[in-house]
Amino acid sequence: MVVKAELEKLGLHYIVVDLGEVEIMETMSDEQHDLFKAALLKSGLELLDDKKAVLIQKIKNVIVELIHYTDEPLRVNFSNFLSEKLSHNYTYLANLFSEVQGTTIEQYIIAHKIERVKELLVYNELNLTEIAYLMHYSSVSHLSNQFKKITGLTPSHFKALRHKRRSMLENL
């Protein structure tokens, strides 16, 4: 809504305004571009001009969507899914991502999965077996090993620390 409003203020007509993507009918002048960029920054948004930066943001958005907002397992492997979704060869996407982000797509996925596992542990609604299933790990031990490798803690130790911190706060 913010993007649409700012485009209208500048007298620009949009064809598509979607998450991370805007297509306009006219060519934007340098002045309009600068005004648009400044207006977005005031709203906490960022204008990405570089096509590579846009593609990397799209990769991140797909990963976040899959890990944080989708419970259904993929029917195809992730590399095929990403290639089809973004209409690019996976090798190109993986090399670009690594070059710009300094980490692999796989490591980015793992980091997000572990953050999601932390959230689920904090909510305390699911046990570790249910979390492993939900997050599509092959086993609880695989999840536990990956969790410890990333955080330095076992999932149960992480959960215990959370309870300890809460009880310390309650005693203040």
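Here we summarise the structure given alongside this text. Keep in mind that what you see is a predicted model, and the values were worked out from it rather than measured.

### Considerations on the nonpolar core
Thinking step 1. Counting residues in each nonpolar core, the largest one holds 29 residues, and the members touching the most others are Ile 59, Ile 63, Phe 78, Leu 82, Ile 105 and Val 117.
Thinking step 2. Looking at this core, the elements that each hand over two or more residues are α3 (51-69), α4 (78-86), α5 (90-101), α6 (105-123), α7 (128-134) and α8 (140-151).
Thinking step 3. Considering every element that reaches this core, the biggest residue donor is α6, with eight residues.
Thinking step 4. With residues near it in sequence (within four places) discarded, Phe 78 still touches Val 62, Ile 63, Leu 66, Ile 105 and Ile 109.
Thinking step 5. Core analysis: the second largest hydrophobic core is formed by seven residues, Leu 7, Leu 10, Phe 36 and Leu 47 among them.

### Quick word on the packing of aromatic side chains
Thinking step 1. In the structure shown here, the tally under the stated rule is three aromatic pairs.
Thinking step 2. Geometrically, the ring pair formed by Phe 78 and Phe 81 is tilted, given 6.5 Å between the ring centres and 40° between the ring planes. Residue Phe 78 and its partner Phe 81 are located together in helix α4, separated by three residues, close to a single helical turn.
Thinking step 3. Relative to Phe 158, the ring of Phe 147 lies with its centre 5.6 Å away and its plane at 70°, an arrangement referred to as edge-to-face. With a gap of eleven residues between them, Phe 147 in helix α8 and Phe 158 in helix α9 (residues 155-170) connect regions that are remote in the sequence.
Thinking step 4. Assessed through its relative accessible area of 15%, Phe 158 is described here as buried.
Thinking step 5. Here Lys 113 stacks its cationic end above the ring of Tyr 137, 4.2 Å away from the centre of that ring.

Cut-off values and rules
Residues numbered from 1 in each chain as written. Predicted model: local features only at pLDDT ≥ 70, side-chain atom pairs only at ≥ 80, totals over all residues. Heavy atoms only, no water. Core = buried A, V, L, I, M, F, W, Y, C linked by side-chain atoms within 4.5 Å. Buried < 20%, exposed > 50% of the residue type's maximum accessible area, 1.4 Å probe, protein only. Helix = DSSP H or I, 4+ residues; strand = E, 2+ residues; numbered from the N terminus. Contact = heavy atoms within 4.5 Å. Phe/Tyr/Trp six-rings, centres within 6.5 Å; stacked < 30°, edge-to-face > 60°. Lys NZ or Arg CZ within 6 Å of the ring centre and 35° of its normal.

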